[in-house]
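Now for the letters of each chain:
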Amino acid sequence: MILSCKQIEQYLENGYLLVPGLIPSDIVECAEAKMWQELGVHSNEPETWKNANWETWSLISPEIRACYTPEFLTAAMQLGEGEPDPEIYRPRKRHSVLPIFPQEGEWRHHGAHIDHSIKSHGEKTFPFAFRLAAMAYLNDVEPHSGGTVVWPGSHRKIGALARSNPTHYEYMWSLGSDLHKVDIGEPIELTPNQGDVLFYHYLCAHSGSQNVGRRPRFAVNTKWERDVSRHDR
Ligand SMILES: O=C(O)CCC(=O)C(=O)O
Ligand SMILES: [Fe+2]
């Protein structure tokens, strides 16, 4: 096993877990290099960054898929809900590539959201919209440089809201639009290092944040779905 009982406890308590150094440095360095290449911009030439090619949004290059090592997938399986099914935790064909380039202005997050809560997608809340999400960080993230923001324990409060009226909250979009009805407390800005992986629960409130630093933030987000048939949508 990759994660300790203490880490699993932390995940259950907080609704997320940042696992340091889960991706070996040689693999994550290759993935970062591939991301620069796919975006068509140069690490040491900031003037090129504004021309980044966003068509790589769902990039499936082998260098990035290589991040999903057996250790990564085992950690995901340890945290996923229900019976572990190795078929579910195989590397996905698609995932979201999430670069955040530096911008001028005040640092801020974009407001708490839960994933899969877009109305037109029609995702159901129960038993869960997806098993587990993971953000793999491909480079170091300094404070106020695009770190993911999380609300510890928000998954339990949002879960309680959902269960208070399962009919009303049948769909993720209805739950997502009522987050203001619960006090989810204060957020924490994560400052992960290259190779760290953030796992989060499907009801964990979180947000992207503005990068007012000097380097782009590169991350890859993946979801493990409820069942294998939905896995590679
Ligand atoms: O970029 C981030 O740090 C967060 C992204 C996010 O919330 C998402 O992809 O749903
Ligand atoms: Fe999100």
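Everything numeric here is computed off the predicted structure, so don't read it as measured data. (Residues numbered from 1 in each chain as written. Chains lettered and ligands numbered in written order. Predicted model: local features only at pLDDT ≥ 70, side-chain atom pairs only at ≥ 80, totals over all residues. Heavy atoms only, no water.)

**Q** Looking at this structure, I do not really get the site of ligand 1. What am I missing?
**A** Around ligand 1, the neighbouring residues are L98, I100, H113, D115, M135, T148, H206, G208 and R217. Within the side chain of H113, a nitrogen or oxygen atom sits 3.1 Å from an oxygen atom of ligand 1. Within the side chain of R217, an N or O atom sits 2.7 Å from an oxygen atom of ligand 1. When isolated, ligand 1 has an accessible area of 290 Å², and the protein chains bury 82% of it. Tallied by class, the residues present in the shell around ligand 1 amount to three nonpolar, four polar and two charged. (Near = heavy atom within 4 Å. Polar contact = N/O pair within 3.5 Å; in protein donor to acceptor, adjacent residues only side chain to side chain. Areas by Shrake-Rupley, 256 points an atom, 1.4 Å probe, with all protein chains shown as cover. Nonpolar A, V, L, I, M, F, W, Y, C, P; charged D, E, K, R; others polar.)

**Q** Mind showing me how you'd approach the sheet that holds strand β7 (residues 206–207) here?
**A** By way of backbone hydrogen bonds, the strands of a sheet pair with one another, either parallel or antiparallel. Pairing is antiparallel in the open sheet, where three strands are placed in the order β5-β4-β7. Across the chains shown, the open sheet's two edge strands, defined by having one partner strand only, are β5 (188–189) and β7. Judged from the two bridges that link them, strand β4 (residues 149–150) and β5 form a sheet pairing that is antiparallel. Each residue of the ladder has a partner; that of V150, found in β5, is I188. (Pairing = 2+ DSSP bridges. Helix = DSSP H or I, 4+ residues; strand = E, 2+ residues; numbered from the N terminus.)

**Q** Would you mind going over the packing of aromatic side chains with me for this structure?
**A** Ring pairs (aromatic) are described by centroid distance and by the angle formed between their planes. For the coordinates displayed, the defined rule picks out ten aromatic pairs. Considering the side-chain rings of W36 and W49, the 5.8 Å spacing of their centres and the 45° angle between planes classify their relative orientation as tilted. Pair noted here: W36 is in helix α2 (residues 25–39) and W49 is in the loop between α2 and α3 (62–65), with a separation of 13 residues, a long-range link. Exposure remark for W36: the relative accessible area of 7% places this residue in the buried category. Seen from their ring centres, Y89 and W224 are 5.9 Å apart, and the 40° between their planes marks the pair as tilted. Pair noted here: Y89 is in the loop between α4 (70–79) and β2 (96–100) and W224 is in strand β8 (residues 217–224), with a separation of 135 residues, a long-range link. Using a relative accessible area of 2% as the deciding quantity, one classes Y89 as buried. (Phe/Tyr/Trp six-rings, centres within 6.5 Å; stacked < 30°, edge-to-face > 60°. Buried < 20%, exposed > 50% of the residue type's maximum accessible area, 1.4 Å probe, protein only.)

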